[in-house]
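# Inside the fold
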Amino acid sequence: MARSTASQSASPESSDVVAARRASEDAAGMASYIADMSSELSHLAAGAELQMVAYFLNLARVEAEIRARELGGYAVEREKPPQSGA
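The text that follows walks through the structure, step by step, so that each part is easy to find. (Residues numbered from 1 in each chain as written. Predicted model: local features only at pLDDT ≥ 70, side-chain atom pairs only at ≥ 80, totals over all residues. Heavy atoms only, no water.)

### Remarks on the overall build of the chain
When you go through the chain residue by residue, the secondary structure sums to two helices and zero strands. Taken across its 86 residues, the chain has 17% of its residues classed as buried. When the accessible surface of the chain is split by element, carbon and sulfur atoms take 59% of a total near 6,800 Å². (Helix = DSSP H or I, 4+ residues; strand = E, 2+ residues; numbered from the N terminus. Buried < 20%, exposed > 50% of the residue type's maximum accessible area, 1.4 Å probe, protein only. Areas by Shrake-Rupley, 256 points an atom, 1.4 Å probe, with all protein chains shown as cover.)

### Remarks on the environment of Glu63
As for its placement among the helices and strands, Glu63 is situated in helix 2 (residues 51-70). Sequence spacing of Glu63 and Ala31 is 32 residues, and the spatial spacing of their C-alpha atoms is 8.7 Å.

### Thoughts on unusual backbone geometry
With phi around 60°, Glu49 is a residue other than glycine that occupies positive phi space. Within the fold, Glu49 resides in the loop between helix 1 (2-47) and helix 2.

### Focus on the packing of aromatic side chains
Within this structure, the stated rule accounts for one aromatic pair. The interplanar angle of 70° and the centroid separation of 5.2 Å between the aromatic rings of Tyr55 and Phe56 together place this pair among those described as edge-to-face. Judged by relative accessible area, Phe56 falls into the partly exposed class, the value being 48%. (Phe/Tyr/Trp six-rings, centres within 6.5 Å; stacked < 30°, edge-to-face > 60°.)

### Quick word on the environment of Ala23
Summarising the element assignment, Ala23 is placed in helix 1. Considering only alpha carbons, one finds Ala23 and Leu71, 48 residues apart in sequence, at a separation of 9.9 Å.

### Overview of helix 2
The end-to-end C-alpha distance of helix 2, which contains 20 residues, comes to 29 Å, matching closely the 28 Å that a straight helix rising 1.5 Å per residue would cover. Along helix 2, the residues that are buried comprise Ala54, Leu57, Arg61, Ala64, Glu65 and Ala68. The buried residues of helix 2 all sit within an arc of 105° when viewed along its axis, so they share a single face. Across helix 2 from its buried face, at more than 90 degrees, point the exposed residues Met52, Glu63 and Glu70. Immediately downstream of helix 2, the backbone of Gly72 shows phi near 85°, a positive value. (Expected span 1.5 Å × (residues − 1). Arc of directions from axis to C-beta.)

Written as structure tokens, this is what we have:
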């Protein structure tokens, strides 16, 4: 009976650790996804000559990328948008 109690007391702690790790991985994945979508929307906004919208979307992208890295998410790799020659 003591053996059963010991395994039960260790189980909630380990499940809490697993749940915390999973939540962190989910948040990292979500931040990476938001970075991807912000990048896409920024390109659309820039193409429509909505400079302030593009600026704020790029700001959101950078913040999401930083947060994804902090949480151990993957590095976001994307194509560079074509530069318009002035």
